[in-house]
Amino acid sequence: MSRHPSITAVRRRLSSGADRVAAGIERRFAIDARALAAFRIALGLLLLADLALRARNLEAFYTDAGVLPRRALFSDYSQVYSLHALSGEAWAIALLFVLAGGVALAMTVGYRTRLATICSWLLLVSLHARNPMVLNGGDVLLRLLVFWAMFLPLSERWAVDAYRPETARATVANVATMALLLQVVVMYVSNAIHKSRGELWFGGEAVAYVFSLDYMFTYLLGDVLTAYPELLRLMTYLWVALLVCTPLLLLLTGWPRAALAGAFAGMHIGMLVTMRIGLFPLVVVAALVPFFPPVVWDRLTAAVARTGLAGPLRNTVERFRRCRPERSMADVVGTAVVPSHRFLTAGVARGRSLLSTAVPAVFLVLVVLSNAQALGYTQVPDAGETALEATETDQSWRMFAPEPLRTDGWFHAPADLENGSRVDAMHRSAVNWNPPPSHEDVYPTTRWRKYLANMESGDNENHQSYVSNYLCERWNDDHQTDIERLELYYMAQESEPYNETEPVTSIKLREYDCDGAFVQD
């Protein structure tokens, strides 16, 4: 008889221990509802900013008059699923931009949030598929964040959809919140492992090499910091230390987690004012927002209340809320008299449960496998590879890894006109082989820098013809004297920190006859 109490006590201790472990896991993967709302707003604003920046080169990158007309797109990429490829006219692409901006705005204010998020993701995937040559790590991360956002309750706070904010959950902990947080951690860990396979990052020299890429990346404060080598070495070690501490983003809670997430965000803001890498720093900052725990949002809420802005903001949201119907379609179906509608309601509920639990769980496993495959640790099964490719969720985080580039450069396109004179079709000016005075004279936007860098690589030789054809047509459309023939050159210059006298190597990429066939070898 003395044995039974001991067995019962052991079971209780095991049960209590399991409960504590489960509570600890739930606490670390829970996201404050206000953080989810801020995350939604940040994503919506980023989508709007991304569209505005891309619109500057709408014709060049997304129409048949640009560097990748649809005949080239369909030739080089066997499977293209893109609404943006249904037409090659600028007006059609502009309409899709406006549509994407509308659903991004709806997502920002939290109106029909789930539908707006799904539409935003579909339009973003379509846009990315239209011209993969201009994509960077920030585009991949933004696409992934919107993908995970589809499974999250983003409209319980600070949203037009929030009918009764007082009944909203304080925190949310489910498979989707786990996936969102792990996505960021996996990105950092994967990048850290890639960087460890080089020498410059753990040797303290990497940031100096990055900032020596004057034409490709460095600008604003980056140009100033190049004069302080010890500070650049310190920044290298600080960034490596943060990457090594990445798992603590999940293990820590409360203010320690907030401090670490803030340190990451601060480093990315530093990147924003030192390197021309587009929206990537702001996308990562948005991805870090869900890591900030309730203690931070309590302080922020109190601070906003003290400023007197809380009331006007609440009234503004309430005015928007009055503009939408009082009852959703689910409410109408749920209160219908016809019994079959109750069955339909139950089916919708089961479908939502599957969408918010099973689907993100499967893709969370696939995303981890995708990163492990990129690191050479495993292989994703064929079915999983198909799912990753179909949803554009496959990934590899090699930003400046294993080492930064050691070659900087710019482009020239000397061209012969029909009247015998010569011009630079790339810069639409006289031919000048001297180094450009500034990076703006080489890459007018970060999209152009990414495109030209990809075009120059050996695996994209067709694009050297595509861009040559674009330069010919651009000039001929704007001038009375046409280009007959042009040459495309890449001027490569080794990037050695603190040395501005590196030799320049002229590399001829292509000779192109403007009156010849579209693609020429």
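Everything below is about the structure printed above this text.
The rules we used
Residues numbered from 1 in each chain as written. Predicted model: local features only at pLDDT ≥ 70, side-chain atom pairs only at ≥ 80, totals over all residues. Heavy atoms only, no water. Helix = DSSP H or I, 4+ residues; strand = E, 2+ residues; numbered from the N terminus. Buried < 20%, exposed > 50% of the residue type's maximum accessible area, 1.4 Å probe, protein only. Areas by Shrake-Rupley, 256 points an atom, 1.4 Å probe, with all protein chains shown as cover. Disulfide = S-S within 2.5 Å. Contact = heavy atoms within 4.5 Å. Phe/Tyr/Trp six-rings, centres within 6.5 Å; stacked < 30°, edge-to-face > 60°. Lys NZ or Arg CZ within 6 Å of the ring centre and 35° of its normal. Expected span 1.5 Å × (residues − 1). Polar contact = N/O pair within 3.5 Å; in protein donor to acceptor, adjacent residues only side chain to side chain. Axes fitted to C-alpha atoms, helices over the stretch in contact; angles between N-to-C directions. Parallel < 35°, antiparallel > 145°, perpendicular 65-115°, else oblique. Left-handed = near helix turned anticlockwise from the far one by under 90°. Patch = residues over 30% accessible without salt bridge, like charges linked within 9 Å, V, L, I, M, F, W, Y side chains within 5 Å. Salt bridge = Lys/Arg side-chain N within 4 Å of Asp/Glu carboxyl O. Nonpolar A, V, L, I, M, F, W, Y, C, P; charged D, E, K, R; others polar.

J.: Describe the overall build of the protein, and please don't skip the residues or the numbers.
T.: Tallying secondary structure elements over the protein gives 22 helices and 7 strands in all. Sorting the 521 residues of the protein into buried and exposed places 47% on the buried side. Split by element, the accessible area of the protein, about 25,300 Å² in all, is 60% carbon and sulfur.

J.: Summarise the state of the cysteines; cite the residues concerned and give the values.
T.: Tallied over the full model, the rule gives 1 disulfide. Here Cys472 is linked by a disulfide to Cys514, with a sulfur-sulfur distance of 1.9 Å. Handedness here is read from the sign of the S-S torsion; for Cys472 and Cys514, about -50°, the answer is left-handed. Linking Cys472 in helix H22 (residues 461-478) with Cys514 in the segment after strand S7 (504-513), this pair joins segments that are 42 residues apart in sequence. Judged on exposure class, the residue Cys472 and its partner Cys514 are both buried.

J.: Let's hear about the environment of Leu43: which residues, and what values?
T.: Here Leu43 is to be found in helix H2 (residues 33-55). Spatially, the C-alpha atom of Leu43 lies 7.9 Å from that of Val283, the residues being 240 residues apart in sequence. Residues within four places of Leu43 in sequence aside, it is in contact with Met107, Leu142, Leu145, Val146 and Ala149.

J.: So, the packing of aromatic side chains: which residues are in play, and what are the values?
T.: One pass over the structure, following the stated rule, counts 19 aromatic pairs. Taken together, Phe61, Tyr62, Phe97, Trp448, Tyr451 and Tyr470 form an aromatic cluster joined through their ring pairs. Of note, Arg406 hangs over the ring of Tyr209, and the distance from its end group to the ring centre comes to 5.1 Å.

J.: Just give me the short version of helix H7 (residues 137-149), but keep the residues and values in it.
T.: In this model, H7 (13 residues) spans 18 Å end to end at C-alpha, consistent with the 18 Å of a helix rising 1.5 Å per residue. Across the 13 residues that make up H7, a large majority, 12, are buried. One side-chain oxygen of the residue at the start of H7 lies 3.0 Å from the amide nitrogen of Gly138, identifying that residue as Asn136.

J.: Before we move on, can you summarise the packing of helix H6 (residues 113-130) against H7 with the specific residues and values?
T.: Where H6 contacts H7, the axes come no closer than 9 Å and their chain directions differ by 155°. In terms of axis orientation, H6 runs roughly antiparallel to H7. Every pair of crossing elements has a handedness; the one defined by H6 and H7 is left-handed. Contacts from Thr117, Ser120, Trp121, Leu124, Val125 and His128 in H6 reach Asp139, Leu142, Arg143, Val146, Phe147 and Ala149 in H7.

J.: Tell me about a nonpolar patch on the surface, residues and numbers included.
T.: On the surface, Leu220, Leu221, Val224, Tyr228, Leu231, Leu234, Leu238 and Val273 cluster together into a nonpolar patch covering about 710 Å² of accessible area. For the nonpolar patch, the leading source of residues is helix H12 (residues 229-244), giving 3 residues. Mapped onto the secondary structure, Leu221 falls in helix H11 (residues 221-225).

J.: An account of the packing of H2 against helix H15 (residues 280-288) is requested, with residue identities and associated values reported.
T.: Where H2 contacts H15, the two axes come as close as 9 Å, and the packing angle between them is 165°. For the element pair H2 / H15, the angle class is roughly antiparallel. When you trace H2 past H15, the crossing you get is left-handed. Contacts between H2 and H15 involve Phe39, Ala42 and Leu46 on the former and, on the latter, Leu282, Val283, Ala286 and Ala287. In terms of residue class, the contact of H2 with H15 is made up of 7 nonpolar, no polar and no charged.

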